[in-house]
Amino acid sequence: MSLPYWSRWPVLLSGVLLATAGAAFADDDDDDNARIRPLNHAAWRQECSTCHIAYPPQLLPAVSWRAIMKGLDQHFGTDASLDPQQQADILRFLEANAGGEGRSRRGEPLLRITETRWFVHEHSEELPKDIWSRPSIKSAANCNACHTAAERDDYSEHTLRIPK
Amino acid sequence: MRFAFITVLLVLSFSTHAETPADFQKQFAAQAQQENPAFTGFSAEQGQRFYANTHGKEWSCASCHSQNPKAIGQHIATGKTLAPLAPAASPERFTRPDKVEKWFKRNCNEVLGRACTAQEKGDVLSYLLSVR
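Rules and cut-offs
- Residues numbered from 1 in each chain as written.
- Chains lettered and ligands numbered in written order.
- Predicted model: local features only at pLDDT ≥ 70, side-chain atom pairs only at ≥ 80, totals over all residues.
- Heavy atoms only, no water.
- Helix = DSSP H or I, 4+ residues; strand = E, 2+ residues; numbered from the N terminus.
- Contact = heavy atoms within 4.5 Å.
- Buried area = accessible area lost by both parts, 1.4 Å probe.
- Salt bridge = Lys/Arg side-chain N within 4 Å of Asp/Glu carboxyl O.
- Polar contact = N/O pair within 3.5 Å; in protein donor to acceptor, adjacent residues only side chain to side chain.
- Nonpolar A, V, L, I, M, F, W, Y, C, P; charged D, E, K, R; others polar.
- Domains from an automatic or database assignment.
- Expected span 1.5 Å × (residues − 1).
- Buried < 20%, exposed > 50% of the residue type's maximum accessible area, 1.4 Å probe, protein only.
- Disulfide = S-S within 2.5 Å.
- Arc of directions from axis to C-beta.

Peer 1: Talk me through the overall build of chain B; I want residue IDs and the actual numbers.
Peer 2: A tally of regular secondary structure across chain B gives six helices and two strands. The long-range share in chain B, meaning contacts at least 24 apart out of those at least 6 apart in sequence, stands at 54%.

Printed below as a string of structure tokens:
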């Protein structure tokens, strides 16, 4: 399985995607070894991996990251606020590595990777319907319940284990 | 020799703003004194109740940090595993002022809907230090 093609050339494409944000969506029909690139940014790695794994920036577009970083004090029912300097620093990193698709039907930026069409598509085959409500998984956003090396940005099949 | 080694460690740790749980306890006591002139000290039993009970909202400290603070916790909303909160089980706990301050702010907000008092912080820390 692979990521849509846009995720492989984020730098090249980010200008285009920004200009056409929302419209850009590609079906992942080309199936070579696209992988989430491991990234290093100390503040992001530290601050965004405490309550959940640090989600790959490639999986949401810059508009989404901007919206997420603006509302950290009320972040999915929790308080994830940062000091303004760190917030700006992390946002710059997220924007620079952002991916493509990610708007809801009403045109607002999506705040969840797990609601993107890419995610739903990639995670619909092979998985039993009740999977997302199993207590061992809790939430689709709990990536490392299945991707056991997600903390190292490794989403390959070798490290994939579907819990009971 | 050993003494010299410890001294070096202390110097190193002060220069990187690392502290010990006992340093935090002293700071909380000084703040508690200011907040309440009748302050008489911290209580591990009160800290245990504070830790295990809810405070008018949905979650308690134990919801994410486990009923037994020496055990691995699990974030109630995301399922992520958390290192034990008791310093006896996780030596890195209560060694970094910025981290301790940040998480008291966030977690007290989530559990109580307000900041914790110095009394509450000191009671909880006394409890966490009493679990061996």
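Peer 1: Break down the interface of chain B and chain A for me, with residues and values.
Peer 2: Taken together, the 14 residues of chain B in the interface contact 16 residues of chain A. When residues of chain B are sorted by the area they lose upon contact with chain A, T78, K80 and R106 of chain B head the list and together hold 41% of the total. Counting across the interface, chain B meets chain A through one salt bridge. Its salt-bridge partner being E47 of chain A, residue K102 of chain B comes within 2.8 Å of it at the nearest N-O pair. Viewed at the interface, chain A and chain B are joined by eleven residue pairs in polar contact (both at pLDDT 80 or more). Among the elements that line the side of chain B that touches chain A, the one with the most residues is helix 5 (residues 97-112) of chain B, at six residues. Among the residues making up the side of chain B that touches chain A, the classes are represented as four nonpolar, four polar and six charged.

Peer 1: Any chance you could break down the domain arrangement of chain A for me, citing the residues and the numbers?
Peer 2: Residues and elements named next belong to chain A. Splitting chain A by domain gives domain 1 (42-121) and domain 2 (126-164). Averaged C-alpha coordinates put domain 1 and domain 2 at centres separated by 20 Å. Every contact between the two is made by nine residues of domain 1 and, on the other side, nine residues of domain 2. Of the roughly 680 Å² buried where domain 1 meets domain 2, counting both sides, 61% is carbon and sulfur surface. Taken as a group, R45, I53 and Y55 account for 58% of the area that domain 1 buries against domain 2, more than any other trio of residues on that side. Connecting domain 1 to domain 2 are one salt bridge. R45 is the partner of D153 in a salt bridge, and the nearest nitrogen-oxygen pair spans 2.6 Å. Our count for the contact surface shared by domain 1 and domain 2 stands at three residue pairs in polar contact (both at pLDDT 80 or more).

Peer 1: How would you sum up helix 6 (residues 118-130) of chain B? Please name residues and give values.
Peer 2: Residue and element names in this part refer to chain B. In a regular helix each residue adds 1.5 Å, so 13 residues correspond to 18 Å; helix 6 covers 18 Å between its end C-alpha atoms and thus fits that length. Most of helix 6 sits inside the fold, with ten of its 13 residues counted as buried. Taken as a whole, helix 6 has its buried residues at A118, E120, K121, G122, D123, V124, L125, S126, Y127 and L128. Here the buried face of helix 6 lies against helix 2 (21-35), helix 3 (44-52) and helix 5.

Peer 1: I'd love a proper account of the state of the cysteines, names of residues and values included.
Peer 2: Enumeration over the complete set of coordinates arrives at one disulfide over all chains. Between C108 of chain B and C116 of chain B runs a disulfide, and the two sulfur atoms are separated by 1.9 Å. On the sign convention where negative means left-handed, the S-S torsion of about -95° between C108 of chain B and C116 of chain B marks this disulfide as left-handed. Note on accessibility: C108 of chain B and C116 of chain B belong to one class, buried. Not engaged in a disulfide, the cysteine C51 of chain A finds its nearest cysteine sulfur in C64 of chain B; these two sulfurs lie 7.9 Å apart. Unpaired in this structure, C146 of chain A has its nearest cysteine sulfur neighbour in C143 of chain A, at a distance of 8.9 Å. We classify C146 of chain A as buried; its relative accessible area is 11%.

Peer 1: Could you give an account of the pattern of salt bridges, with specific residues and numbers?
Peer 2: Residue and element names in this part refer to chain B. Inspection of every chain in the model, using the stated rule, returns seven salt bridges over all chains. Between R114 and E120 there is a salt bridge, with its nearest N and O atoms 2.8 Å apart. For R114, a relative accessible area of 38% translates into the label partly exposed.

Peer 1: Break down helix 4 (residues 84-96) of chain A for me, citing the residues and quoting the values.
Peer 2: Residue and element names in this part refer to chain A. An ideal rise of 1.5 Å per residue puts 18 Å on 13 residues; helix 4 measures up with 18 Å between its terminal C-alpha atoms. Looking only at helix 4, the buried set comprises I90, L91, F93 and L94. Axial view of helix 4: buried residues confined to an arc of 160°, hence all on one face. For helix 4, exposure combined with an orientation more than 90 degrees from the buried face picks out P84, Q85 and R92.

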